[in-house]
2 protein chains.
Amino acid sequence: MDRFVSLQRKIAPEIGELIDIRYSILRHIHFSQPVGRRTLSSRLAEKERTVRSELEFLRQQGLLAVGPAGVSLTPEGERTFADLGEYVRELRGFARLERGLEERLPVARVVVVAGDSGRDPTVKKEMGRAVVRILRDIVEEGDIIAAGGGTTMAEVAAAIVPSGWPKGITVVPARGSLGEEVETQADTIAVTMAKRMGGAYRVLNVPDDLHPETISRIVDEPRIKEVLDLIKRARVVVHGVGTLEEMAKRRGITGDALEILTSRGAVAEMFGYYFDSDGKMVYYTPSMGIRPEDLAGKKLIAVAGGAKKAQAVLAVMKQQSREALVTDEAAARRMLELEG
Amino acid sequence: MDRFVSLQRKIAPEIGELIDIRYSILRHIHFSQPVGRRTLSSRLAEKERTVRSELEFLRQQGLLAVGPAGVSLTPEGERTFADLGEYVRELRGFARLERGLEERLPVARVVVVAGDSGRDPTVKKEMGRAVVRILRDIVEEGDIIAAGGGTTMAEVAAAIVPSGWPKGITVVPARGSLGEEVETQADTIAVTMAKRMGGAYRVLNVPDDLHPETISRIVDEPRIKEVLDLIKRARVVVHGVGTLEEMAKRRGITGDALEILTSRGAVAEMFGYYFDSDGKMVYYTPSMGIRPEDLAGKKLIAVAGGAKKAQAVLAVMKQQSREALVTDEAAARRMLELEG
DNA sequence: AGCCCCGGGACGCATAGCGTCCCGGCGGAG
DNA sequence: CTCCGCCGGGACGCTATGCGTCCCGGGGCT
């Protein structure tokens, strides 16, 4: 089989791109059906005509059907799409990517999904599903799970299938909200996850762009104290990774702070803490919630994709050893490039 | 693996053509290296520029190298070509073709090789090699082998590797020569086969476009009689298949005979005997050699390819049950179409 | 009722790749 | 030794494919 694939790569490498575009179209339809040609092309950053030709082809193959509201996968299309995941993994050598990263980074398990979440948002959904699969393996009865924020984490929460989870799970936000959209705040995500897992939740409900003194006062409040205590006791932590640019844009980091960050070589963010490319913490924003020193001994699952995030993910991975990393193909390849 | 292939056929069927042309180029180079671009393109019935592009690609893949006398396969190219045989069998579903024919025709074993011998002469070389592989299984010490004529049979003889054959083999022509080129006469082929197998041979050395009365007189000659006796006693028979058109052109069949042949629905020829599409003998040219009724009880191996010969091959296969049929992809697909 | 997104049609254009010719060189045959 | 033929590589115009783009009528959701 491996021989088969390498032979094919030798004799007809162009099938890679072919499969790529078609698989991403199928994936997109799978997650957004029914969906129109224009929406599809804009979201995939492909020209409308290209998408159209491929759509036509896939329809002729009996993989999708057109309805008044757009195209949908036929049952055969769904089946093919499901099978295609494994196929693409083989064809593009994901196993090799994963092993490469596992060797170079202190992570026990790396999972790579197809695509580039920087270009195709549905890739995040796939990453979400992969995280959920890992959670199924790890989570035990009575666990406390701390969840981070961000768009990727939101997809993790959305990917949880609400059945078959152990009892007595409690989900808490890993830290206060970051002034983002409510859907991507750690609080919201913790709630969604808890509900879907049939567990309990506690939230902080506190913005963390407050004055440091205000924060230290709030921390003493019994309700907050209880949540912070739960966070410290969490056995499992799931979180995304931020890049410096992203953070600077999303939260209005002042000129001073930004200057300090860049001068100290900060490239990555996690829970409001900033790390340089060696994984050393170089800065943090005053906040409440989990602290880096709390992470030791916990099962850490990081999830982040997109070629642009590769450097940041590397930095965070070096910060300390982890249980698992879920990323996408674009980030994985970039990371291996960067790490030699 | 099977799943893999069918999935690929579903999601990217165009790789078929891609592999096709590249494989046939590799095959051609393998058999004729070193060879030039122009020769290649004319023999493959492909445009020069197409061949050139593919050649460029294959060179970039490190599969072939250009010398002053033309292109040759690199060691890696040879290895890839060898592996590609199996790969192409899988990819194009030859196993299914073979099983389909085995079910529909009275043949114990069908072997399909890639390509169309009507378009690419090197496909005949592959068929030849396949026949030789079968002979290796079948031939025993002291066997008498009767060989037919034709270009395909010439390739069978050429494909015999002269070592490891049982002792005491005798090869005889199945019938007199047909006025063809000497290289493709049954006599010549029998000699070549015998020499390569390290065995003995006897030839007829008699053209069979003689007057019937002359023939019947020659048959009584002791030397001829002995050969004819050997032919009758042969345990293994290897032969090609002719189409009506081919025969009409190659031997100048007179208007009368041709009219009779067409009116009786003759479509196929073997050993100078003509068969209609049901495999019923409808005509024969006066000759000496093997007769249809002699075939029963012998191990028969038929070899013929090319889409144009499909109908003829079917007819001959129906004529009586056989040990093996070696054909090519084009003929196999056509045969299955014709047989529903 | 209105708006937006849907699929499908149409059409011009750009470009990749095709077809074709040519050249200088080398090797083998005579 | 010479010549012919085939070799690879270069060049170049053209065509046809497929891309980009706009438009239309329709239907569902708000």
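Before reading further, recall that the structure is shown in the block above.
Residues numbered from 1 in each chain as written. Chains lettered and ligands numbered in written order. Predicted model: local features only at pLDDT ≥ 70, side-chain atom pairs only at ≥ 80, totals over all residues. Heavy atoms only, no water.

Trainee: What am I meant to see in the pattern of salt bridges here?
Mentor: All chains considered together, the criterion is met by 47 salt bridges over all chains. Note that B:Glu98 and B:Arg89 form a salt bridge whose closest N and O atoms lie 2.9 Å from each other. On the basis of relative accessible area, B:Glu98 is assigned to the buried category, the value being 10%. One salt bridge connects B:Asp137 with B:Arg109, and the closest N-O pair in it is separated by 3.2 Å. Of this pair, B:Asp137 sits in helix 7 (residues 122-138) while B:Arg109 sits in strand 3 (residues 107-113), placing them 28 residues apart in sequence. Residue classification places B:Arg109 among the partly exposed positions, given a relative accessible area of 33%. Via salt bridges that share partners, A:Asp20, A:Arg92, A:Glu329 and A:Arg333 belong to a single interconnected network. (Salt bridge = Lys/Arg side-chain N within 4 Å of Asp/Glu carboxyl O. Buried < 20%, exposed > 50% of the residue type's maximum accessible area, 1.4 Å probe, protein only. Helix = DSSP H or I, 4+ residues; strand = E, 2+ residues; numbered from the N terminus.)

Trainee: Which parts of the structure should I look at to understand the sheet that holds strand 12 (residues 299-303) of chain A?
Mentor: Strand pairing in a sheet relies on backbone hydrogen bonds. The paired strands run either parallel or antiparallel. Residue and element names in this part refer to chain A. Strand order in the open sheet formed by 7 strands is 3-13-12-7-4-5-6, with parallel pairing between adjacent strands. The two strands at the open ends of the sheet, each matched to only one other strand, are strand 3 (107-113) and strand 6 (200-201). For strand 3 and strand 13 (residues 322-328), the ladder comprises 6 bridges, and the chain directions are parallel. Across the sheet, Val-107 pairs through a bridge with Arg-322, a residue of strand 13. Of the strands in this sheet, strand 3, strand 7 (236-239), strand 12 and strand 13 touch helix 14 (residues 310-319), which is tilted by about 175° from strand 13. Lying over the sheet, helix 15 (residues 329-338) contacts strand 3 and strand 13, oriented at roughly 110° with respect to strand 13. (Pairing = 2+ DSSP bridges. Contact = heavy atoms within 4.5 Å. Axes fitted to C-alpha atoms, helices over the stretch in contact; angles between N-to-C directions.)

Trainee: For this particular structure, what's the right way to read the side chain of A:Asp187?
Mentor: Residues and elements named next belong to chain A. The residue Asp-187 is located in helix 9 (residues 186-197) in this model. Of the side chains bearing the opposite charge, Arg-223 lies closest to the buried Asp-187, which forms no salt bridge; the N-O distance is 7.4 Å. The contacts of Asp-187, once residues within four sequence positions are left out, are Pro-173, Val-203, Leu-204, Asn-205 and Val-206. (Lys, Arg positive; Asp, Glu negative; His and termini not counted.)

Trainee: Mind showing me how you'd approach the protein's contact with DNA strand C here?
Mentor: Around DNA strand C there are 18 residues in total, and A:Gly36, A:Arg37, A:Thr39, A:Arg52 and B:Lys47 lie nearest to it. Of everything in DNA strand C that lies within 4 Å of the protein, sugar and phosphate atoms constitute 48%. Within the contact set of DNA strand C, a sugar or linking oxygen lies 3.4 Å away from a backbone nitrogen or oxygen of A:Gly70. Contact distances for DNA strand C include 3.5 Å between a base nitrogen and a side-chain N or O atom of B:Glu48. Secondary structure elements with two or more residues in the surface near DNA strand C: helix 3 (37-44), strand 1 (64-67) and strand 2 (70-73) of chain A together with helix 4 (48-60) of chain B. Examining the composition of the surface near DNA strand C, we find that 5 residues originate from one element, helix 4 of chain B, more than from any other. Class assignment of the residues belonging to the surface near DNA strand C gives a composition of 5 nonpolar, 6 polar and 7 charged. (Near = heavy atom within 4 Å. Polar contact = N/O pair within 3.5 Å; in protein donor to acceptor, adjacent residues only side chain to side chain. Nonpolar A, V, L, I, M, F, W, Y, C, P; charged D, E, K, R; others polar.)

Trainee: Can you walk me through the relation of the copies chain A and chain B in this structure?
Mentor: Relating one copy of the chain to the other requires a rotation about an axis plus a shift along that axis. Under the fitted operation, chain A is carried onto chain B by 0.1 Å of movement along the axis and a turn of 178°, and the coordinates agree to an RMSD of 0.1 Å. In the structure described here, the two chain copies are related by an operation that fits a two-fold rotation axis. Most of the interface of chain A is mirrored in chain B: 100% of its interface residues are interface residues there too. (Least-squares fit on C-alpha atoms with pLDDT ≥ 70 in both.)

Trainee: Explanation requested: the pairing of strand 10 (residues 273-276) of chain A in the structure shown.
Mentor: As a general feature of sheets, a regular strand has side chains that alternate between the two faces. All names here are of chain A. Along strand 10, one buried face is formed by Tyr-273 and Phe-275 and the opposite face, lined by Tyr-274 and Asp-276, is buried too. Count of turn residues in the strand 9 (residues 266-270)/strand 10 antiparallel hairpin: 2 residues, of which Phe-271 carries a positive phi of about 55°. Judged from the 3 bridges that link them, strand 10 and strand 11 (residues 281-284) form a sheet pairing that is antiparallel. Note that in strand 11 the partner of Tyr-274 across the bridge is Tyr-283.

Trainee: Explanation requested: the protein's contact with DNA strand D in the structure shown.
Mentor: Not every one of the 19 residues close to DNA strand D is listed here, only the nearest: A:Lys47, B:Gly36, B:Arg37, B:Thr39 and B:Arg52. Here DNA strand D approaches the protein such that, of its atoms within 4 Å, sugar and phosphate make up 45%. Measuring from a phosphate oxygen of DNA strand D, one finds a backbone N or O atom of B:Val35 at 3.4 Å. For DNA strand D, a phosphate oxygen lies 3.3 Å from a polar atom in the backbone of B:Val71. Of all the secondary structure elements, the ones that give two or more residues to the surface near DNA strand D are helix 4 (48-60) of chain A together with helix 3 (37-44), helix 4, strand 1 (64-67) and strand 2 (70-73) of chain B. The leading source of residues in the surface near DNA strand D is helix 4 of chain A, at 5 residues.

Trainee: Could you clarify how one ought to interpret the interface of chain A and chain B in this entry?
Mentor: You'll often see interface size given as the accessible area lost when the parts meet. Each partner contributes residues to the interface: chain A has 27 residues there, and chain B has 27 residues. In total, chain A and chain B occlude about 2,500 Å² of area from one another, counting both sides; carbon and sulfur atoms represent 70% of this. Per-residue buried area on chain A facing chain B is highest for A:Phe4, A:Lys10 and A:Ile11; these three make up 30% of the total on that side. Inspection of the chain A/chain B interface yields 4 salt bridges. Between B:Arg22 and A:Glu14 there is a salt bridge, with its nearest N and O atoms 2.8 Å apart. Run the count over chain A and chain B and you get 11 residue pairs in polar contact (both at pLDDT 80 or more). (Buried area = accessible area lost by both parts, 1.4 Å probe.)

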